[in-house]
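Residue strings, one per chain:
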Number of protein chains: 2
Amino acid sequence: MTKGSLFEMRSKLKEIYDPTHFRQLGHTLIDLLADHHEASLNAETPRSFPWEPPDTQLQFWEALDKEPTTPEDLFQHILSRSITIHDPRYIGHQVGMPAPTGVLFSLLSSYLNNGMAVYEMGMAANCLEKLIIDECCTRFGLGAHSGGLLTSGGTLANLTAMLSARRAMEDRWRGKTPAILVSEEAHYCIARAAKTMGWPPEAVIHVPTDADFRMQTERLESLYKQAMERGQQVIAVVGCACSTSTGSYDDLEAIADFCEQHDLWFHVDGAHGAAVVFSHTHAHLLKGAERANSIVLDFHKLLMAPALATALLYKNNQDSFRTFEQESAYLLDLQQDWYNSGKRTFECTKYMICAKIYGIVKTHGWDAFGENVDELYENARTFATSIAQRENLVLGAPVQSNILCFRFVEEGLTQEESNAQNAFIRQAIIERGEYYIVQTLLRGYRFLRLAVMNPFTTLTQFEELCTQIESYAKAWHESQ
Amino acid sequence: MTKGSLFEMRSKLKEIYDPTHFRQLGHTLIDLLADHHEASLNAETPRSFPWEPPDTQLQFWEALDKEPTTPEDLFQHILSRSITIHDPRYIGHQVGMPAPTGVLFSLLSSYLNNGMAVYEMGMAANCLEKLIIDECCTRFGLGAHSGGLLTSGGTLANLTAMLSARRAMEDRWRGKTPAILVSEEAHYCIARAAKTMGWPPEAVIHVPTDADFRMQTERLESLYKQAMERGQQVIAVVGCACSTSTGSYDDLEAIADFCEQHDLWFHVDGAHGAAVVFSHTHAHLLKGAERANSIVLDFHKLLMAPALATALLYKNNQDSFRTFEQESAYLLDLQQDWYNSGKRTFECTKYMICAKIYGIVKTHGWDAFGENVDELYENARTFATSIAQRENLVLGAPVQSNILCFRFVEEGLTQEESNAQNAFIRQAIIERGEYYIVQTLLRGYRFLRLAVMNPFTTLTQFEELCTQIESYAKAWHESQ
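What counts, and where the lines are drawn
Residues numbered from 1 in each chain as written. Chains lettered and ligands numbered in written order. Predicted model: local features only at pLDDT ≥ 70, side-chain atom pairs only at ≥ 80, totals over all residues. Heavy atoms only, no water. Helix = DSSP H or I, 4+ residues; strand = E, 2+ residues; numbered from the N terminus. Rg over C-alpha atoms; globule rule 2.2 N^0.38 Å. Buried < 20%, exposed > 50% of the residue type's maximum accessible area, 1.4 Å probe, protein only. Contact = heavy atoms within 4.5 Å. Areas by Shrake-Rupley, 256 points an atom, 1.4 Å probe, with all protein chains shown as cover. Arc of directions from axis to C-beta. Polar contact = N/O pair within 3.5 Å; in protein donor to acceptor, adjacent residues only side chain to side chain. Pairing = 2+ DSSP bridges. Axes fitted to C-alpha atoms, helices over the stretch in contact; angles between N-to-C directions. Phe/Tyr/Trp six-rings, centres within 6.5 Å; stacked < 30°, edge-to-face > 60°. Lys NZ or Arg CZ within 6 Å of the ring centre and 35° of its normal.

A. Region of the structure containing the overall build of chain A. A count of helical and extended segments in chain A gives 16 helices and 11 strands. Relative to its length of 480 residues, chain A is compact, with a C-alpha radius of gyration of 24 Å against a globular reference of 23 Å. Overall, chain A is about 75 × 70 × 40 Å in size when its C-alpha atoms are taken along their principal axes. Residues counted as buried form 66% of the 480 residues belonging to chain A. Of the contacts made within chain A by residues no fewer than 6 positions apart, 73% connect residues no fewer than 24 positions apart. Accessible surface computed for chain A: about 15,900 Å², of which carbon and sulfur atoms make up 48%.

B. Geometry of helix α11 (residues 252-262) of chain A. Residue and element names in this part refer to chain A. Along α11, the positions that sit buried rather than exposed are Leu252, Ile255, Ala256, Phe258, Cys259 and His262. An end-on view of α11 places all buried positions within 165 degrees of arc, on one side of the element. Turned more than 90 degrees off the buried face of α11, the exposed positions are Glu260 and Gln261. The N-cap of α11, judged by a side-chain oxygen 3.2 Å from the amide nitrogen of glutamate 253 a few residues on, is aspartate 251.

C. Quick peek at the sheet that holds strand β4 (residues 232-240) of chain B. Residue and element names in this part refer to chain B. Read across the sheet, seven strands follow the order β1-β7-β6-β5-β4-β2-β3 without closing on themselves; strand pairing throughout is mixed. The strands lining the two open edges of the sheet, one partner per strand, are β1 (147-151) and β3 (204-207). Adjacent strand axes in the sheet meet at a mean angle of 20 degrees when their direction is disregarded. Sheet topology note: the β4/strand β5 (residues 265-269) ladder contains five bridges and is parallel.

D. How the structure looks around the packing of aromatic side chains. Using the criterion set out here, one finds 36 aromatic pairs over all chains in the structure. Between Phe383(A) and Phe462(A) the ring centres are 4.6 Å apart and the planes differ by 5 degrees, which places this aromatic pair in the stacked class. Taken together, the positions of Phe383(A) in helix α14 (residues 367-388) and Phe462(A) in helix α16 (residues 459-479) put the pair 79 residues apart, joining distant regions of the chain. Considered together, Phe383(A) and Phe462(A) belong to a single accessibility category, that of buried residues. Here the aromatic cluster, defined as three or more aromatic residues joined through ring pairs, consists of Phe49(A), Trp51(A), Tyr90(A), Tyr436(A), Tyr119(B), Trp338(B) and Tyr339(B). A cation sits over an aromatic face here: Lys130(B) above Trp338(B), 5.9 Å from the ring centre. Seen from the ring of Phe324(A), Arg192(B) lies directly overhead, with NZ or CZ sitting 4.1 Å from the centre.

In structure tokens:
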């Protein structure tokens, strides 16, 4: 390599890291995002969901890939071809609307890139994580020996909790097949965790739910006995707070009683709904969670942080240190120190998740979380009342959270036809793209499903959506 | 709740989401980061590593937690109490120095918060991910049926690859204990993956390494036979590209031959070093990787993206769809569609990892990756030459990547004393905080360990570090 080419290479890298470019492009992006944000909140754009089928979408990007494009234009293209979560007409999946403060603190994290698994690589970060975790443990009432960690998402947090349970209960299940009891309405990540751990499908014992999609806790005892008789060793019960499809809260007290009685690990998957711990109005839904061995809580759902941002809390912090115990000379020693978070998290390079959460609570107060939850839950109830007043719309379950399932019903249609009609409605809604809603199957029936994630979605907007739904129900007949 | 308090609540939330505040705070942060960036690149601050012990660090944050603080001040505090990866005196762990473009595109991702596991929640994102993966597959020469995904970090990607291997090899290991062969120098996440999957410790069979810390591939055959005789079913061999401690590349061709011969899954953990695929000069280190069943590559190490950003590539894309096959009515159907990335990734809420990677390559070109790698690898060689010229410094292994292990040696010291001396040196260096370096144990000896992650680290700076090392070696004697 000649001196010339080496200099050129360095110039190229100098250009990439140039602070002036950084500053200019940064200011441009901030203005772009702030404009987009304002337009989104005001539902100014024609569509919250710019639907385009995968193949034509891909064609656009493949064509763009072949042309020179400025980063400014690329920002624009990505913005205009993504779903707009800050638009109040986005009432779809449970991914939350991030607060600008959280977004900006995540920029700080991305720039700093402190891979905080070891203390030296995240001195501020490990402290902030501890402050957040301690506050959460206090709010949940987990007691003096509690602790926990932040990790990359609810699926990973639930796996980690299951790994902790497996480890803590080792003496019980050795020589048998371990198993867990969980609501049939649990998120798929619980079954994924079991499968990941090498457990057979029958290790996840599904407890039937009642009419409101809550675990029939009175069935726990017999399911437990049957499992033990089959030679399985039940080690844990997972409570949903709340379930994914309908947002139903299991009776955590009953589960806690059952776990206490049989000395089982009690895990609460509160990825979505444990956020009510910050609400004065709805915290009662978590009664019993204070007796859990582990609790998962996503900050990127109801708590305004950008993804991924999940807390995993333990009643006994020692359990968190035992999950991954193993040796790695260059990185970790085996002390139980709070400040080397990599000993307890799955990740080795661990992103500074804490900054975006702490940025929100330090700027707006911890109570902001409760206020957001209250608003979303109250709006969902208001919308449910509106549904109840409409002749052809029926709820799939009582509204316990910010999740609503309802369907269009019409006399004279078979179940199959009715499902087709509701599928047609949902497809028409998203192709139109003003509103974004999702769908689910509940006991064989197709339901429209809404997660009210934006506190600014108004009743007027919701009623406009209902009107669209009713008109597409008619259109379905014409399409037949 | 009175109307008044509801209005107040909405006002609070309106304030949190206020676009004007977003804009103002955003511009402030950009200026702060650009200033910090400039100072860091120029090593203007006294220390790249503002060392403070965990307990006093925590005291600072606990005190701050009790006081009102503006987000601007909080930004500053986090910046000044974190490690400065953009400072050329940071030569520590393998977390890379993110390019401003990558950082800003990650801001876009955080704002958009498109949880892209389903197509609708990430229309642009799923396309960008496909473009990135396709390009990577081409670069690695994985062939016409290849494919893959982006996921949250190397540890998760390696677990996912092992899950794919376990699934693909199911018919082989059913009724036996599965096992894998891997270099004794492999990253701890391989053992963690095995443990996570419920495998006993002996399922990870460590292949000894040669003097250069490369797998002794000639030992594979006998270790394989012994394992099979013990009733284990070897299903995979993991090659390191490169190893963590010394940055040594296993002979991937030899491993590929062995895997072909025994019909085993060949996995390449290239989290760090597979980045050379983009380098004309160093790509030869990956010879044989084109025959791998799966390859892991981190973009947040040598490829300038902020964490977490990992690619998992498959020779046969079908394998990626089979990893997690299971049902979840509300989210995923079972087709093998490229555009619903959640079917193949561990995460359910999946961050738009693609944007920060694509932002870099679209702005600076794919070749920028190779240029960065070349610069870092060349600088490491230059520093190694400098070490060789110093009387009391010896390398632990030939330099094959951007990772350097060396130690201070002195006649008349026992191994224990020498280790203590090197530990003392490293502690003194980091407490002084100008330079940041790490340490590792190699065959019982303590080595100083450097990952040259910043292409702007100069030989002059490195020599200044060596001078500090030599002076602390003397100081160790005085401290005795």
